[in-house]
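Given next are the chains, with one letter for each unit.
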Amino acid sequence: QVQLVESGGGLVQAGGSLRLSCAASERTFRSYGMGWFRQAPGKGREFVAAISWSGGTTYYADAVRGRFVISGDNAKNTVYLQMNSLKSEDTAVYFCAQPKHLGTTWYSDYWGQGTQVTVSS
């Protein structure tokens, strides 16, 4: 099965930036590309952003659009998430994924181990 390994999480002040990285061992069958989900304390896992394998299209959750930028290096099966203007509400465990979607609903069969992002106010 695909192995997904995230890095780059940490503690940052509100308004600051962090850059997450994820390396995948291979491409999951029928996946759209690579992406990120997050799970805040007491909440379910939610979609954050995705990028197609070609890199030609990206999708963002409303909560992060305009602040986060997803990019990738498909030759290395690697995805990045540049997080800018961070807010306390962004505090969550961030999971790397190779997502699929049905309409506007995103999901993934495989996940990275997660990396904690904590934004202090």
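Quick caveat: nothing in here was measured; it's all calculated off a predicted structure.

K.L.:
Break down the sheet that holds strand β6 (residues 58-60) for me, with residues and values.
P.N.:
What the six strands build is an open sheet, ordered β2-β12-β9-β4-β5-β6; its pairing is mixed. Bordering the open sheet on either side are β2 (10-13) and β6, each of which pairs with just one other strand. Neighbour-to-neighbour, the strand axes of this sheet turn through a mean angle of 25°, independent of strand direction. Note: strand β9 (residues 92-97) against strand β12 (residues 115-120), three bridges, orientation antiparallel. Considered in β12, the bridge of V93 is made with Q116.

K.L.:
Report on the sheet that holds strand β1 (residues 4-7), specifying residues and quantitative values.
P.N.:
Spatially, four strands are ordered β1-β3-β8-β7 in an open sheet, and the strand pairing comes out antiparallel. Unpaired on one side and paired on the other, β1 and β7 (68-73) mark the two borders of the sheet. Strand after strand, the sheet turns through a mean of 15° between neighbouring axes, direction not considered. When β1 meets strand β3 (residues 18-24), the two strands line up antiparallel, connected through four bridges. When the sheet's bridge partners are listed, L4 is paired in β3 with A24.

K.L.:
Hey, could you go over the side chain of N77 for me, with residue numbers and the actual values?
P.N.:
Within the fold, N77 resides in the loop between β7 and β8 (78-83). Beyond its immediate stretch of four places on either side in the chain, N77 contacts C22, A23, A24, S25, E26, R27, M34 and W53.

K.L.:
So, the environment of T78: which residues are in play, and what are the values?
P.N.:
Here T78 is to be found in strand β8. Residues T78 and V5 lie 73 residues apart in sequence; the distance between their C-alpha atoms is 9.6 Å. Those residues in contact with T78, other than ones at most four positions away along the chain, are C22, A23, M34, S71, G72 and D73.

K.L.:
Account for the pairing of strand β4 (residues 33-39), with residues named and values stated.
P.N.:
Taken across its seven residues, β4 has six buried, putting it largely inside the fold. Looking at chain direction, β4 and strand β5 (residues 45-52) are connected through seven bridges and run antiparallel. Looking at the pairing, M34 lines up with I51 of β5. In textbook terms, the turn of a hairpin is the stretch between consecutive antiparallel strands, and for β4 and β5 this stretch comprises five residues, one of which, G42, has a positive phi near 75°. Where β4 lies against β9, five bridges are found, and the strand directions are antiparallel. Its bridge partner lying in β9, F37 is registered against F95.

What counts and how
- Residues numbered from 1 in each chain as written.
- Predicted model: local features only at pLDDT ≥ 70, side-chain atom pairs only at ≥ 80, totals over all residues.
- Heavy atoms only, no water.
- Pairing = 2+ DSSP bridges.
- Helix = DSSP H or I, 4+ residues; strand = E, 2+ residues; numbered from the N terminus.
- Axes fitted to C-alpha atoms, helices over the stretch in contact; angles between N-to-C directions.
- Contact = heavy atoms within 4.5 Å.
- Buried < 20%, exposed > 50% of the residue type's maximum accessible area, 1.4 Å probe, protein only.

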